[in-house]
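Architecture and fold: a report
Residue-level listing of the chains:
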Amino acid sequence: MKIIFLILIILITPFSLSWAQTVQGNSLYDYQTILTDQDGKQMDFNVFQGHPVVVSMFYASCDYSCPLFIDVLKKMDSKLDSKIRDKIRILLISFDPAHDTSVVLYKLAKQHHLDLSRWKLVFPSKNHVRDLAALLNYTYRPLPDGGFNHTSAITLLDERGVILHSEEGLQNAANSIVEILKKQNFPFMKGTL
Amino acid sequence: MNQFLMIMLGLSLTMMNCHSGDPIEAILTDAPNVPPPIKRNYPAKIIAHLEVKEVTRPIADGVDYTFWTFGGHVPGKFIRVRQGDTVEFHLQNHPDNKMPHNIDLHAVTGPGGGATSSFTAPGHESQFTFKALNKGLYIYHCATAPVGMHVANGMYGLILVEPPEGLPPVDKEYYIVQGDFYTVGKYREKGLQPFDMQKAIEENATYVLFNGSEGALVGDKAIKAKVGETVRLFIGNGGPNLISSFHVIGEVFDKVFTEGGTRYQENVQTTLVPAGGSAIVEYKAEIPGTYILVDHSIFRAFNKGALGMMKVEGDENKAMYSGKEVDSVYLADKAEQTQAIAQAAAASKKGTLTKEMQIEAGKNLFMGTCSTCHQNNGIGIPGVFPPLANSDIVNGWDKQKLIAAILNGLSGPIKVNGRDYNSTMPPMSQLNDDEVAHILTFVLNSWENKGGVVDTEEVKVVREATLRPPGAAK
Amino acid sequence: MRLLLLAAICIGQFGLILAAQSAEKGMAYVVGGILKPFYPPSPKEREIPVHTFWMNKFPVTEAQFLQFVKKNPQWRRDHIKRIFADKQYLSHWVTPISLGNKINGEQPVTQVSWFAAKAYCESEGKRLPTENEWEYVAGASDKKPDARKDLEWRNRILDWYTKPTPSVFPKVGQSPPNYWGVYYLHGLVWEWVLDFNSSLVSSDNRENATSPDKNRFCGAGALVATEKDDYASFMRIAFRTSLKAHYTTSSLGFRCAQDEKKS
């Protein structure tokens, strides 16, 4: 009897955890802003609501770690079980709306062969960059030469836009997210969304 | 087969439940107390909550300082875990605090010893988890910019990682951490004293203290043991700058686990404790009496406060020791002194102060402050330090001039009892008005001097009439 | 009776107009120049140009923020979205729309998040000052625009940083202004800046002695302190880097700024 009880607790725990998180209602989608994607299409920040979303910020002219950054995300994506991968969306937001136009973002997407049915490269309006960085716990600073100094982090949002995980350091963050997606029992896997 | 699997599963689940399933809230203690030894024979998940508080409290009698603390006191709370334990650490930064803080535990293997994961704004909490891989006694401290200042304000403590088999049982365990402090005012200068960054950079400590305040381990607060008991001291040194030469007067350490590590040395008189390091000291209390704990860089003990006491109670053992207490010499200017002075201070407040009380308090203040130069019997040293006994200056000058000499010092050529002197007496303005009055009353009524009384008001008037450079004691 | 009421309303409105005017007057004109940061973000940025701008003479007060919250109920503590402010947001007020007896309306407002501070300034057609602007103005003593080499002045500032937060804040504007006519950048409360999240200082300060962690940061930028003993500016940087945009603390307030052309 005790054993069954224990098993029950162990089975139930992941559910109760994910419920507790959504009950707090810290959805980033409460922040409203318009984004423009690589096709020049305008959309709300919550464009991927209903899907777990991997979000990260970048700027296209960064020649040191940004190419690496997309590779890390692609590798993370490839490690996911295909059933999960189909549900996941990936949203990359530019720090640099002055330079990262739809044309630039489209080129970058093609260069890296990104699956644009699941990936979006977007730029926000100039006045909303810092808000988005603040919401995603990014530290960034424009440099005199036009580039940016910034932390590299990856954030995982649940279907409602609540942060499930956010971690600095690309490689570690990507590994953590793969692990979380393996373990986490999302409502979508039960067909609730 | 199925049944067998179920049993195996059940077994492993039960084991998980008892071994690492139930997290244990860590017992944390304030110095000089140590949490009880760990009786567990398996690694567990430990949850530790440590709250950072910025508090203003006495650093010495009549002197306040704003300490930054792990848990409200200096040193921070003692943490005790077992090797192999997984520690879920919660660092809480109290909402009333002004500064962000973090924690670097030297017991942690990982970037910054936890500092990167625990950086916390006021009114917030950080959580990180580490595995206690190495046994030993480790310092923890704050590592927020400016690191030196956070440490100098008292942000350090000890974490003990016990070996799986535990430490050998002893009768008493105590927790003592030395630290150096830097204040704008000089040693024992009254009032709220701010941190002095220049002195800290120059490593010119105003105070060197055990457990964060002068008197934290003396009188009623002395650590205690009975004859025949084995005592274990967990010694840390928070720094920020000074290395401690830790010594207990009249005691030989049977064992010292140097630098808090695995091996021990035997029969040690004095052990070095590095800044940001530790030592475990064990000895048997053999002879009753009061034992003095010092940093044997000895000016720190008698002029900067690095002094504590251990009281051993029990029957005398004449075969081992003849009976004259070792502390009588050292305590002449400490323990007895404070009693007479405290009595005088209380009487002064109540308005029942007598000349006799003043003389008694003055005598105790004189011994230890003035007697260094003027000698216990007031005769001074001919040609170097002028005499106060039967002195034409003491008997010839008016009270105002005598008070001013103490408050402002004296330097340059002077003739006393027919002999020429030319040296410098430093200003003693750190003494409060009561203390100056007591000392002068004592001097006037000793060694065939003319007699009389100096009261607090008279000192106050002279002090207020004297201009002082900015930053000096008033 | 009705007359009296009317009179009261008139006086009330007149008061509002007066307040609006003094808000305009409540800004100091800061002539641009060069900021030499204590902690240059990169070797190329030892001298940073600061444009001429306007800055509020005083931190925003409790009473002013209360008015803002009443006009913009989405910023009430019982309406605000958690992503914009933590649970401590305005928790010292007696109700979501009243300060209570214990708080003097002229004290600087604290327990406000970056999002709320930013929204307040934007509601007045202003913005938060940038870190460089704030530090530029904060480097002035009452006599000199750049007093940061003045040891005595530096020590006076340090004094505040070493004291715990008082239970009751003094009223805004009880000590003389600095060279620019700005009051109380030091000695009252910490203040939000627009780009509080721009310092790429590791949360473990000791790492910054060498180069920044390449894994964490994109782009170059060795952090070099030019004045290692300026503890006050060290502490400001440490404080800012400990914040997240939704955080509030009992010693953190803000003031607003404005570009030159708008005034």
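Analysis parameters
Residues numbered from 1 in each chain as written. Chains lettered and ligands numbered in written order. Predicted model: local features only at pLDDT ≥ 70, side-chain atom pairs only at ≥ 80, totals over all residues. Heavy atoms only, no water. Helix = DSSP H or I, 4+ residues; strand = E, 2+ residues; numbered from the N terminus. Buried < 20%, exposed > 50% of the residue type's maximum accessible area, 1.4 Å probe, protein only. Contact = heavy atoms within 4.5 Å. Areas by Shrake-Rupley, 256 points an atom, 1.4 Å probe, with all protein chains shown as cover. Salt bridge = Lys/Arg side-chain N within 4 Å of Asp/Glu carboxyl O. Pairing = 2+ DSSP bridges. Buried area = accessible area lost by both parts, 1.4 Å probe. Polar contact = N/O pair within 3.5 Å; in protein donor to acceptor, adjacent residues only side chain to side chain. Nonpolar A, V, L, I, M, F, W, Y, C, P; charged D, E, K, R; others polar. Disulfide = S-S within 2.5 Å. pLDDT = per-residue confidence, 0-100. Axes fitted to C-alpha atoms, helices over the stretch in contact; angles between N-to-C directions. Parallel < 35°, antiparallel > 145°, perpendicular 65-115°, else oblique.

A short note on the overall build of chain C
The secondary structure content of chain C amounts to six helices and eight strands. For chain C, the succession of helices and strands along the chain, N to C, is α-β-β-β-β-α-α-α-α-β-β-α-β-β. The 263 residues of chain C split such that 53% are buried. For chain C, the proportion of contacts with a sequence separation of at least 24, taken over those separated by at least 6, is 74%. Summing over all exposed atoms, chain C offers an accessible surface of approximately 12,300 Å²; the carbon and sulfur share of this is 57%.

Re the overall build of chain A
Helix and strand counts for chain A stand at six helices and nine strands. Evaluated residue by residue, chain A yields a buried proportion of 51% over its 193 residues. Considering only contacts within chain A whose residues lie at least 6 apart along the sequence, 68% involve residues at least 24 apart. As displayed, chain A has an accessible area near 9,200 Å², and 57% of this comes from carbon and sulfur atoms.

What about the pattern of salt bridges?
It is possible for side chains of opposite charge to pair when their charged atoms get near one another. Summed over all chains, the structure comprises 31 salt bridges over all chains. Two residues, Arg188 of chain B and Glu214 of chain B, come together in a salt bridge whose shortest N-O distance is 3.2 Å. Taken together, the positions of Arg188 of chain B in the loop between strand S10 (172-181) and strand S11 (191-192) and Glu214 of chain B in the loop between strand S12 (207-210) and strand S13 (223-226) put the pair 26 residues apart, joining distant regions of the chain. For Arg188 of chain B, a relative accessible area of 29% gives the class partly exposed. For the salt bridge of Arg127 of chain C with Glu133 of chain C, the shortest nitrogen-to-oxygen distance reads 2.9 Å.

Observations regarding helix H3 (residues 114-123) of chain C
Where burial is concerned, most of H3 of chain C is hidden: eight out of the ten residues are buried. Among the residues making up H3 of chain C, those that are buried are Trp114, Phe115, Ala116, Ala117, Lys118, Ala119, Tyr120 and Cys121 of chain C. Residues of H3 of chain C that are buried sit in contact with helix H5 (129-135) of chain A together with helix H2 (62-71) of chain C.

Things to note about the pairing of strand S8 (residues 136-141) of chain B
Consecutive residues of a regular strand have side chains that alternate between opposite faces of the sheet. All names here are of chain B. A large share of S8 lies buried, amounting to six of its six residues. The alternating pattern of S8 places Gly136, Tyr138 and Tyr140 and Leu137, Ile139 and His141 on opposite faces, both of which are buried. Bridge count between strand S6 (residues 104-105) and S8: two bridges; the pairing is antiparallel. Within the sheet, the bridge partner assigned to Leu105 lies in S8 and is Tyr140. Two elements, S8 and strand S9 (residues 156-162), share six bridges in a ladder whose sense is antiparallel. Paired with Tyr140 across the strands is Gly157, a residue of S9.

Remarks on the interface of chain B and chain C
Contact with chain B, which involves 31 residues of that partner, is made by 31 residues of chain C. Around 2,700 Å² of area is buried between chain B and chain C when both sides are counted, 65% of it from carbon and sulfur atoms. Taken as a group, Lys98, Phe119 and Met197 of chain B account for 26% of the area that chain B buries against chain C, more than any other trio of residues on that side. There are three residue pairs in polar contact (both at pLDDT 80 or more) connecting chain B and chain C. Taken together, the elements giving at least two residues each to the side of chain B that touches chain C come down to strand S2 (45-60), strand S3 (63-70), helix H2 (147-152) and helix H3 (197-201) of chain B. Its residues assigned to classes, the side of chain B that touches chain C comprises 17 nonpolar, ten polar and four charged.

Here's the deal with the state of the cysteines
Residue and element names in this part refer to chain C. Taken as a whole and assessed by the stated rule, the structure comprises one disulfide over all chains. Paired by a disulfide, Cys121 and Cys256 hold their sulfur atoms 2.1 Å apart. Between Cys121 and Cys256, the S-S dihedral sits near -85°, and the bridge is therefore left-handed. Taken together, the residues Cys121 in helix H3 and Cys256 in the loop between strand S7 (252-253) and strand S8 (257-259) connect sequence positions 135 residues apart. Judged by relative accessible area, which is 0%, Cys256 ranks as buried.

Some words on the confidence of the model for chain A
Residues and elements named next belong to chain A. Here chain A averages 82 in pLDDT, while 80% of its residues score no lower than 70. In the model, residues 1-24 has pLDDT below 50 throughout and makes 17 contacts with residues more than four positions away in sequence or in other chains. Note that residues 189-193 has pLDDT below 50 and, in this model, six contacts with residues that lie over four places away or in other chains.

Here we look at the pairing of strand S4 (residues 53-56) of chain C
Residues and elements named next belong to chain C. For strand S1 (residues 27-30) and S4, the ladder comprises four bridges, and the chain directions are antiparallel. Bridging across to S4, Tyr29 finds its partner in Trp54. The sheet contact formed by S4 and S8 spans three bridges and is antiparallel. In the sheet register, Trp54 faces S8, and the bridge partner there is Gln258.

Quick notes on the packing of H2 of chain C against H3 of chain C
Residues and elements named next belong to chain C. Two numbers describe how H2 lies on H3: the axes approach to 11 Å, and their chain directions differ by 80°. Comparing their axes, H3 and H2 come out roughly perpendicular. On the side of H2, the interface is formed by Gln64, Phe65 and Phe68, while H3 contributes Ala116, Ala119, Tyr120 and Ser123. Class assignment of the residues belonging to the contact of H2 with H3 gives a composition of five nonpolar, two polar and no charged.

A few points about the environment of Gln269 of chain B
All names here are of chain B. Within the secondary structure, Gln269 sits in the loop between strand S17 (265-268) and strand S18 (270-273). For Gln269, a relative accessible area of 57% corresponds to the exposed category. Considering only alpha carbons, one finds Gln269 and Gly451, 182 residues apart in sequence, at a separation of 48 Å.

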